[in-house]
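Okay, here's what each chain looks like letter by letter:
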Amino acid sequence: WLEAGQLEVRVGMSSEAVARLQPGAEVGVISEMGEPISLKVLRVLPQRDRSTRTVDVILALPPGPTGLRDGDLVSALRTEVISEAGFFLPREALTESVRGLWACFVALPEPEVSAEAYRLDRRDLEVLHEYSDRVFVRGAIQEGDWVLANGLQKVAPGQRVRILEVNRRGTLTDPSEKVTSLD
């Protein structure tokens with residue numbers, strides 16, 4: 001069955017994001033295939049989805065081929081200026097801490113052991129903003145720290161490690177693959 005009207009995309013967004021949207025505004029989305037597409041807001045639904053706690057925004061597909069099919073998933077792109085001091089980390093770099101805080105592991109140099117030796121130190125953080133794959137945090141880390149990006153379940157505070165590879169964001173990659181334990 002073919003629908004004769006304009007095709008639409010439904011995207012769930014936070015209340016903060018929806019507050020800045022008006023009908024006709026452009027919203028960027030990324031298709032499942034990684035293709036960026038610019039869509040126009042048709043309307044913002046008045047109720048919140050009970051299960052996701054998001055507000056649905058209905059977007060119009062542009063005429064012509066977009067590569068999207070009925071039932072495809074898209075992710076909305078959002079630009080937000082954050083005027084707070086802090087750092088972006090991969091979500092996988094966090095581990096639970098105490099009193100509602102989170103923590104990460106920082107590799108500290110141990111030149112007295114060797115030039116390649118580092119020791120993992122646990123640092124408490126506060127999550128200020130959350131995104132699908134990363135978080136914006138502040139706390140006991142500073143610019144230039146080597147943060148373990150993932151694989152936290154395989155390490156412990158005080159463990160000696162050697163850095164073998166760093167990912168493009170400047171954080172250490174999974175210790176099972178790229179960081180070697182010296183203990």
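The rules behind these values
Residues numbered from 1 in each chain as written. Predicted model: local features only at pLDDT ≥ 70, side-chain atom pairs only at ≥ 80, totals over all residues. Heavy atoms only, no water. Pairing = 2+ DSSP bridges. Helix = DSSP H or I, 4+ residues; strand = E, 2+ residues; numbered from the N terminus. Axes fitted to C-alpha atoms, helices over the stretch in contact; angles between N-to-C directions. Contact = heavy atoms within 4.5 Å. Core = buried A, V, L, I, M, F, W, Y, C linked by side-chain atoms within 4.5 Å. Buried < 20%, exposed > 50% of the residue type's maximum accessible area, 1.4 Å probe, protein only. pLDDT = per-residue confidence, 0-100. Salt bridge = Lys/Arg side-chain N within 4 Å of Asp/Glu carboxyl O.

### Points about the pairing of strand 10 (residues 134-139)
By the bridge criterion, four bridges tie strand 6 (residues 87-90) to strand 10 in an arrangement that is antiparallel. In the sheet register, F88 faces strand 10, and the bridge partner there is F136. What sits between strand 9 (residues 117-130) and strand 10 in their antiparallel hairpin is a turn of three residues.

### Here we look at the sheet that holds strand 5 (residues 74-76)
Pairing within the open sheet is antiparallel, and its five strands lie in the order 1-4-3-2-5. What marks the edges here is a single partner per strand, and that holds for strand 1 (8-13) and strand 5. Going across the sheet, the axis of each strand differs from the next one's by a mean of 45°, ignoring polarity. Sheet topology places strand 2 (residues 26-31) next to strand 3 (residues 36-48); five bridges connect them, and they run antiparallel. Residue pairing across strands places V29 opposite I37, the latter belonging to strand 3.

### Observations concerning the environment of L108
For L108, the location among the structural elements is in strand 8 (residues 102-109). Along the sequence, L108 and R160 sit 52 residues apart, while their C-alpha atoms lie 9.2 Å from each other. Leave out the neighbours within four places in its chain, and L108 touches A117, Y118, R119, D121 and R123.

### Looking at unusual backbone geometry
For R53, which is not glycine, the phi torsion reads 65° and is therefore positive. Looking at the secondary structure, you find R53 in the loop between strand 3 and strand 4 (55-60).

### Digging into the nonpolar core
Nonpolar side chains in soluble globular proteins tend to end up buried together. Formed by 16 residues in total, the largest nonpolar core has its most connected members in V9, M13, V27, L39, V57 and L59. Every element with two or more residues in this core is listed here: strand 1, helix 1 (15-19), strand 2, strand 3 and strand 4. When sequence neighbours within four positions are dropped, the list of residues in contact with V27 reads M13, L21, I37, S38, L39, V41, L59, A76 and L77. Among the nonpolar cores identified, the runner-up in size contains eleven residues, and L89, L94, L108 and V147 belong to it.

### What about the confidence of the model for the protein?
Confidence in the prediction of the protein, expressed as mean pLDDT, is 81, and 86% of residues score 70 or more. Looking over the protein, one finds the lowest element-wise mean pLDDT in strand 13 (residues 179-181), namely 37, and the highest in strand 8, namely 94. Across residues 172-183, confidence stays below pLDDT 50; counting only partners more than four residues off in sequence or on other chains, it has 48 contacts.

### Brief notes about the environment of W146
Along the chain, W146 falls in strand 11 (residues 146-147). W146 gets classed as partly exposed once you look at its relative accessible area, which sits at 32%.

### Things to note about the pairing of strand 1
Consecutive side chains along a regular strand alternate between the two faces of the sheet. Of the two faces of strand 1, the one lined by V9, V11 and M13 is fully buried and the one lined by E8, R10 and G12 carries no buried residue. Sheet topology places strand 1 next to strand 4; six bridges connect them, and they run antiparallel. Bridge assignment links V9 to a residue of strand 4, and that residue is L59.

### Focus: the pattern of salt bridges
Counted according to the given criterion, the structure contains nine salt bridges. The partner of R43 in a salt bridge is E8, and the shortest N-O contact between them spans 3.6 Å. Note that R43 is positioned in strand 3 and E8 in strand 1, a separation of 35 residues in sequence. On the basis of relative accessible area, R43 is assigned to the partly exposed category, the value being 38%. Overall, the relative accessible area of 43% leaves E8 in the partly exposed class. Between R123 and D121 there is a salt bridge whose closest N-O contact spans 2.7 Å. Since its relative accessible area comes to 23%, D121 is described here as partly exposed.

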